[in-house]
Amino acid sequence: MKKVLREILNTSLYLLGVLCIVYLVIHFVGQRTQVQGHSMEPTLSTEDNLIVDKLSYRFHDPERFDIIVFPFLKEEETFYIKRIIGLPGETVQIDEEGNIYVDGEVLEESYGKEVIANPGRAYEPVRLGKNEYFVLGDNRNNSVDGRDPSVGNIKRENIIGRAWLRIWPLDQFGFIRHR
């Protein structure tokens, strides 16, 4: 009887330890998320399953062109995946030809699927605060992003993490290229 109780206690402690480790990993290191929609095509497609790195931004700030995950604050349990274009303290503007300007200089980038047709609120200069980022989807004309007032500037504390690894579909398994 003593041996059975000891075995039950050992198994219970083992399972408790595993659950604690899983909890810590999910809340502080990484989590799985699924892409819904076409706003990040061709980089990411709908139904792609990703692992989001939640740890690295504890040691360094997000960088331009990082693909980040953040909550859509107007709808619970909704998360957006977008690319950082503007960094804290910068001014972002998009002209009628679809050119992106950061602090008055044309941004050299090749992530946009097509030329931006609607600059949205970025038609006027958007000045980013101390801890704010400006984001765009790669599918520029099929993305609700920083150009839309419902998304606006993304505060640093709202960034959940950085898209790190695509785990599904298996034929596209691999690390996400940010630059």
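Worth saying up front: this structure is predicted, and the values here are computed from it rather than measured.

Reading the values: the criteria
Residues numbered from 1 in each chain as written. Predicted model: local features only at pLDDT ≥ 70, side-chain atom pairs only at ≥ 80, totals over all residues. Heavy atoms only, no water. Helix = DSSP H or I, 4+ residues; strand = E, 2+ residues; numbered from the N terminus. Buried < 20%, exposed > 50% of the residue type's maximum accessible area, 1.4 Å probe, protein only. Polar contact = N/O pair within 3.5 Å; in protein donor to acceptor, adjacent residues only side chain to side chain. Contact = heavy atoms within 4.5 Å. Salt bridge = Lys/Arg side-chain N within 4 Å of Asp/Glu carboxyl O. Core = buried A, V, L, I, M, F, W, Y, C linked by side-chain atoms within 4.5 Å. Pairing = 2+ DSSP bridges.

Trainee: Please clarify how the side chain of Arg83 should be interpreted in this entry.
Mentor: Within the fold, Arg83 resides in strand E4 (residues 79–86). On the accessibility criterion, Arg83 (0% relative accessible area) is buried. Within polar-contact distance, the side chain of Arg83 engages the side chain of Asp138 at 2.8 Å. When near neighbours in sequence (up to four residues on either side) are disregarded, Arg83 contacts Met40, Thr43, Phe65, Asp66, Ile67, Tyr111, Phe134, Val135, Leu136, Asp138, Arg177 and His178.

Trainee: Just checking my understanding: could you explain unusual backbone geometry for this structure?
Mentor: What is expected of a backbone is that most residues other than glycine have negative phi and most peptide bonds are trans. With an omega dihedral of 10°, the bond running from Glu41 to Pro42 counts as a cis peptide bond. Topologically, Pro42 is positioned in the loop between strand E1 (30–34) and strand E2 (49–53). With omega at 5°, the peptide bond leading from Trp168 into Pro169 counts as cis. Of note, the phi angle at Phe65 is positive, near 80°, even though the residue is not glycine.

Trainee: I would appreciate a short explanation of the pattern of salt bridges in the present structure.
Mentor: Once the charged atoms of two side chains with opposite charge are near each other, the side chains can pair. In total, this model carries nine salt bridges according to the counting rule given. For Asp48, the salt bridge identified is with Arg166, shortest N-O distance 2.5 Å. Residue Asp48 is located in the loop between E1 and E2, and its partner Arg166 is located in strand E11 (residues 161–168); the two are separated by 118 residues in the primary sequence. You'll find Asp48 and Arg166 in the same group, each marked buried. Glu109 is paired through a salt bridge with Arg140; the nearest N and O atoms lie 3.1 Å apart. With Glu109 in the loop between strand E7 (105–106) and strand E8 (126–127) and Arg140 in the loop between strand E9 (132–136) and strand E10 (154–155), this residue pair connects regions lying 31 residues apart in the sequence.

Trainee: Could you clarify how one ought to interpret the nonpolar core in this entry?
Mentor: Proteins that are soluble and globular tend to have nonpolar side chains buried together. Residues Ile85, Val92, Ile100, Leu107, Phe134 and Leu136 are the most contacted members of the largest nonpolar core, which totals 14 residues. With near-sequence residues (within four places) excluded, Val92 lies in contact with Gly86, Ile100, Tyr101, Val102, Ala122, Glu124, Pro125, Val126, Leu128 and Phe134. Ile84, Leu87, Val135 and Val151 belong to the second-largest nonpolar core, a separate cluster that totals twelve residues.

Trainee: Sorry, what's going on with the pairing of strand E5 (residues 91–94) here?
Mentor: Along any regular strand, the residues point their side chains to alternate faces of the sheet. The alternating pattern of E5 places Val92 and Ile94 on a buried face and Thr91 and Gln93 on a face that is not buried. Bridge analysis of E5 against E8 gives two bridges, and the strand direction is antiparallel. Across the sheet, the residue bridging to Val92 is Val126, located in E8. If you look at the hairpin formed by E5 and strand E6 (residues 100–102), you'll find five residues sitting between the two strands, and Gly98 has a positive phi there, around 90°.

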